[in-house]
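Below, each chain spelled out in residue letters.
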Amino acid sequence: MSQPLPPTADASLPRGRAAPALDLGRLVRDRQAEVWRYLRYLGAEPTEADDLTQETFLAVARSTFVEASDQQTAGYLRTVARRQLLMLRRKQKRRCETTDLDAAETVWSEAMWRDRSHGDPWDDHVDAARDCVEKLEGRVRQAIDLTYHQGESREAIATTLGMTADGVKTLLRRTREKLRECIEATLRPNL
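Calculation rules
Residues numbered from 1 in each chain as written. Predicted model: local features only at pLDDT ≥ 70, side-chain atom pairs only at ≥ 80, totals over all residues. Heavy atoms only, no water. Helix = DSSP H or I, 4+ residues; strand = E, 2+ residues; numbered from the N terminus. Expected span 1.5 Å × (residues − 1). Buried < 20%, exposed > 50% of the residue type's maximum accessible area, 1.4 Å probe, protein only. Arc of directions from axis to C-beta. Contact = heavy atoms within 4.5 Å. Salt bridge = Lys/Arg side-chain N within 4 Å of Asp/Glu carboxyl O. pLDDT = per-residue confidence, 0-100. 1 Å grid on protein atoms, 1.4 Å probe; cavity = no way out; pocket = protein on both sides within 12 Å on 5 of 7 lines; lining within 4 Å. Points joined across faces, edges and corners; volume = space filled by probe spheres on them. Nonpolar A, V, L, I, M, F, W, Y, C, P; charged D, E, K, R; others polar.

> Sorry if this is basic, but what is going on with helix α2 (residues 46-62) here?
Working note: α-helix, 3.6 residues per turn, so residues spaced by three or four point in the same direction. Over its 17 residues, α2 extends 24 Å from the first C-alpha to the last, a length consistent with the 24 Å expected when each residue adds 1.5 Å. Those residues of α2 that fall on the buried side of the exposure criterion are E48, A49, L52, T53, T56, F57 and V60. Angular distribution of buried residues about the axis of α2 spans 160°; they occupy a single face of the element. Structural note: α2 exposes T47, Q54 and R62 on the side pointing more than 90 degrees away from its buried face. The elements touched by buried residues of α2 are α1 (24-41) and α3 (70-92).

Put into structure tokens, the structure is as follows:
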């Protein structure tokens, strides 16, 4: 279930007193990577995430948003970013399942607030992913490198590895599943 937009006025301010100006530069410095990773998590391509992150902060700058807390700010930015992605998908006439977005929002917000005292909670995920990819060998490792580091198409990978495009698709799907299991097993003691 998507979260409603946070209030745009700070009720704690006395009547007639203006809300403090939003320090957009600081907000971008502090939250840009978080918004970008969230958009990638929702399925945006890297270049889309770059553009959508900028659009998110432009929308926030145009709004009457007032920061009240760290968690409220993070939620507001996720809401704006998610809406930017949905608008892009509508322009592209691509269907985006809102139930998937709702589930992603739940997982993301739980992970982000699980343990903020040790820095960025995604550092552990990135480290675990890197360690799990390092354990891959042979054709599986080559397929992952060709796909994610070199951006090769399935057909090109199939030619390189002497497989069919469907075989590459299956290999990548199974490998992603094994990587997910490895990452979860690595993080389980920390969760």
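> Is there a simple way to explain the pattern of salt bridges in this structure?
Between side chains of opposite charge, a pair can form when the charged atoms approach closely. Applying the stated rule across the entire model yields 10 salt bridges. Across the pair R26 and D23 runs a salt bridge whose closest N-O atoms are separated by 4.0 Å. Taking relative accessible area as the criterion, R26 reaches 26% and is therefore assigned partly exposed. The exposure class of D23 is partly exposed, given its relative accessible area of 40%. Taken together, the salt bridges that share partners define one network made up of D23, R26, D30 and E67.

> What should I look at first to understand the confidence of the model for the protein in this one?
Interpretation of the predicted coordinates at a detailed level should be avoided for regions scoring low in pLDDT. Residue-level pLDDT values for the protein average 77, and 72% of them are 70 or greater. Averaged over each element, pLDDT in the protein is lowest for helix α4 (residues 98-114) (57) and highest for helix α7 (residues 154-161) (92). The low-confidence segment residues 1-17 (pLDDT under 50) makes 21 contacts with residues lying over four places distant or belonging to another chain.

> Explain the layout of surface pockets here, please?
Space left empty within the atom packing is revealed by a probe, the size of a water molecule, rolled over the atoms. The space that makes up the second largest pocket amounts to roughly 400 Å³. Within the residue set of the lining of the second largest pocket, elements represented by two or more residues are α6 (138-149), α7 and α8 (165-187). Here the lining of the second largest pocket takes three residues from α8, the largest share from any one element. Classifying every residue of the lining of the second largest pocket gives four nonpolar, four polar and six charged.

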